[in-house]
Amino acid sequence: MQPGKPPFRADHIGSLLRPAELQRALERHERGEMTDEARREIEDRCIRAAVALQEETGIPTVTDGEFRRYEFHTPILTRIEGVELTGRVEFHFHYEDEDIEYAPPVLEVTGPLGHPKGGLTVEDYKFTRALTDRTVKVCIPSPTYMYARGGWAGINKDLYPDKDALIAGLAEVYDAELHALWEAGCDFVQIDDTNFAHMCDPKFHDRYRRIGEDPETLPAFYARMINACIRNRPAGQRIGLHMCRGNVRGAWVAEGGYEPVAEALLNELEVDALFMEYDAPRAGDFTPLRHLQRDDKLVVLGLITTKHPELEPKDALKRRIDEAARYVPMDQLGLSPQCGFASIYQGNPIAETDEMAKLRLVVDVAREVWGDD
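So, how was this worked out
- Residues numbered from 1 in each chain as written.
- Predicted model: local features only at pLDDT ≥ 70, side-chain atom pairs only at ≥ 80, totals over all residues.
- Heavy atoms only, no water.
- Phe/Tyr/Trp six-rings, centres within 6.5 Å; stacked < 30°, edge-to-face > 60°.
- Lys NZ or Arg CZ within 6 Å of the ring centre and 35° of its normal.
- Helix = DSSP H or I, 4+ residues; strand = E, 2+ residues; numbered from the N terminus.
- Expected span 1.5 Å × (residues − 1).
- Buried < 20%, exposed > 50% of the residue type's maximum accessible area, 1.4 Å probe, protein only.
- Axes fitted to C-alpha atoms, helices over the stretch in contact; angles between N-to-C directions.
- Parallel < 35°, antiparallel > 145°, perpendicular 65-115°, else oblique.
- Left-handed = near helix turned anticlockwise from the far one by under 90°.
- Contact = heavy atoms within 4.5 Å.
- Nonpolar A, V, L, I, M, F, W, Y, C, P; charged D, E, K, R; others polar.
- Arc of directions from axis to C-beta.
- Pairing = 2+ DSSP bridges.
- Polar contact = N/O pair within 3.5 Å; in protein donor to acceptor, adjacent residues only side chain to side chain.
- Salt bridge = Lys/Arg side-chain N within 4 Å of Asp/Glu carboxyl O.

### Observations concerning the packing of aromatic side chains
Tallying each qualifying case throughout the model produces seven aromatic pairs. Plain terms: the ring middles of Tyr147 and Trp152 are 6.5 Å apart, the flat faces sit at 35 degrees to each other, and that makes the pair tilted. Taken together, Tyr147, Trp152, Phe196, Phe221 and Tyr222 form an aromatic cluster joined through their ring pairs. Between the NZ or CZ atom of Lys157 and the centre of the ring of Trp152, over which it lies, the distance is 5.1 Å. Cation over ring: Arg207 sits above Tyr208, and NZ or CZ is 6.0 Å from the ring centre.

The following block contains the structure:
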């Protein structure tokens, strides 16, 4: 780690609570009641306020809150040429006392993959970068979504006859995006991925088998896919990978510790930081961290929940950091919330004041544990 350069000891995952005005604008736009220009004007105004909010909390990384997206991944992935949304898959998400249904998209590769003119996130980055002197992190969805929900059956075999060809096609798209971001000034990119965490849960193993996949081989395959997409990134550009077990209006979908994917995550993935969900018992304990053999990765512990407003006691957070340090050197650890505050536009069941308090808590605890590094 270089002082003043990402990845940082204190960070957040990216998405922020959308103001009510922005939520209404998105819904009106989707119904055809608002122009693109009018929606973007509201987005711009809300992003300016979100940047000021983040600066006020002291968090060293700033994002646009994902305010231009109705959910964290689909609006970005469907910009890739050759990718289509072909359906939905029903997942059962859980609260403590009830379940909800949420149907994330099935994305399939139906045509030649291509990087779109203007990029996937480049223009959004430029707008946010002009608002702050702090590091602006860009959050992009993982390439594994092209495969995870439809499997090999969702790939056009005439264009991509084998998995190596598919990986090469995705790598061209992501490599072009990373270089375009670098040219615009972006030195920190976070890849958001739920699919590694899903493979920690036996019920998702059953789902993979139903679509003809072997869940035992998928962690290494996904690591190979992501590595190909980031391997030729510009020198100086840092990449983090965030994983979570579902975050739909505060509900979750998967559970299970990291042991089934630990080797692929901790040693095979060529990323600079791993943002690992650890806010609840469903994420398991820290023992899978013992597999880490590399000294070039920061493990960012997602100990602070975005799913409810109560603040975690500082002493409890410090004890958990000390516990993780039994398996990973303290100088390879950091702190963050477990996920964003609004993976979909409706957001989690907390208030903006709670959001700010949790970001301040991240900063305060990180400073007390690691100093000003």
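### Quick notes on helix α9 (residues 218-230)
Between its terminal C-alpha atoms α9 stretches 18 Å, which fits the 18 Å expected from 13 residues at 1.5 Å a residue. Counting buried residues along α9, ten of its 13 residues qualify, which places the element largely inside the surrounding structure. All of the buried residues along α9 are Leu218, Pro219, Phe221, Tyr222, Ala223, Met225, Ile226, Asn227, Cys229 and Ile230.

### Quick word on unusual backbone geometry
A cis amide bond, omega 0 degrees, links Pro6 with the succeeding residue Pro7. Position of Pro7 among the secondary structure elements: in the segment before α1 (20-30). Of note in this structure, Arg249 is not a glycine but carries a positive phi near 50 degrees. Relative to the helices and strands, Arg249 is located in the loop between β9 (238-243) and α10 (262-268).

### Looking at the packing of α1 against helix α2 (residues 36-57)
Closest axis-to-axis distance for the α1/α2 pair is 10 Å, and the angle between their directions is 160 degrees. It follows that α1 is roughly antiparallel to α2 by the angle criterion. For the crossing formed where α1 meets α2, the hand is left-handed. Here Glu21, Leu22, Ala25, Leu26, His29 and Glu30 of α1 lie close against α2, whose contacting residues are Asp36, Arg39, Ile42, Glu43, Arg45 and Cys46. Partitioning the contact of α1 with α2 into residue classes produces five nonpolar, one polar and six charged.

### Considering helix α11 (residues 314-324)
Taken together, the buried positions of α11 are Leu317, Ile321 and Ala324. One side of α11 holds all its buried residues, which, seen down the axis, span an arc of 60 degrees. Exposed side of α11, more than 90 degrees from the buried face: Asp315 and Arg319 are the residues found there. Among the structural elements, β11 (298-304), β12 (333-337) and α12 (352-370) are those in contact with the buried residues of α11.

### Side note on the pairing of strand β10 (residues 273-277)
Burial runs high along β10: five of the five residues are buried. The two faces of β10 match: Ala273, Phe275 and Glu277 on one face and Leu274 and Met276 on the other face are all buried. Pairing geometry for β9 and β10, over four bridges, is parallel. The partner of His242 across the bridge, within β10, is Phe275. When β10 meets β11, the two strands line up parallel, connected through five bridges.

### Brief notes about the environment of Gly257
Locating Gly257 in the fold gives a position in the loop between β9 and α10. In this structure Gly257 touches Cys200, Arg245, Arg282, Ala283 and Gly284, once residues within four positions along its chain are discounted.

### Looking at the sheet that holds β11
Pairing in this open sheet of six strands is parallel, and the strands run β7-β8-β9-β10-β11-β12 from one edge to the other. In this open sheet, the two strands that pair with only one neighbour each are β7 (138-141) and β12. Neighbour-to-neighbour, the strand axes of the sheet open up by a mean angle of 25 degrees, direction not taken into account. Inspection of the sheet shows β11 paired to β12 by five bridges, in the parallel sense. Within β12, the position partnered with Ile304 by the bridge is Pro337.

### Structural notes on the side chain of Asp11
Within the secondary structure, Asp11 is located in the segment before α1. In terms of polar contacts, Asp11 uses its side chain to reach the side chain of Thr61, at 3.3 Å. In this structure the side chain of Asp11 is engaged in a polar contact, spanning 3.3 Å, whose partner is the side chain of Lys137. Among residues more than four places away in sequence, those in contact with Asp11 are Ile59, Thr61, Lys137, Phe188, Phe275, Leu335, Ser336, Pro337 and Val362.

### A short note on the pattern of salt bridges
Two side chains of opposite charge can pair, provided their charged atoms sit close to one another. Going through the model one piece at a time under the given rule, you end up with 22 salt bridges. Where Glu123 meets Lys126, a salt bridge forms, and the shortest distance between an N and an O atom there is 3.4 Å. One end of the pair, Glu123, and the other, Lys126, are both in helix α4 (residues 122-129), three residues apart, so they sit about a helical turn from each other. Given the relative accessible area of 44%, Glu123 is considered partly exposed. Between Asp164 and Arg224 there is a salt bridge, with its nearest N and O atoms 2.8 Å apart. Of this pair, Asp164 sits in helix α6 (residues 163-184) while Arg224 is found in helix α9, placing the two residues 60 residues apart along the sequence. Overall, the relative accessible area of 40% leaves Arg224 in the partly exposed class. When salt bridges with common partners are traced through the structure, they connect Arg39, Arg40, Glu43, Asp44, Arg68 and Asp124 into a single cluster.

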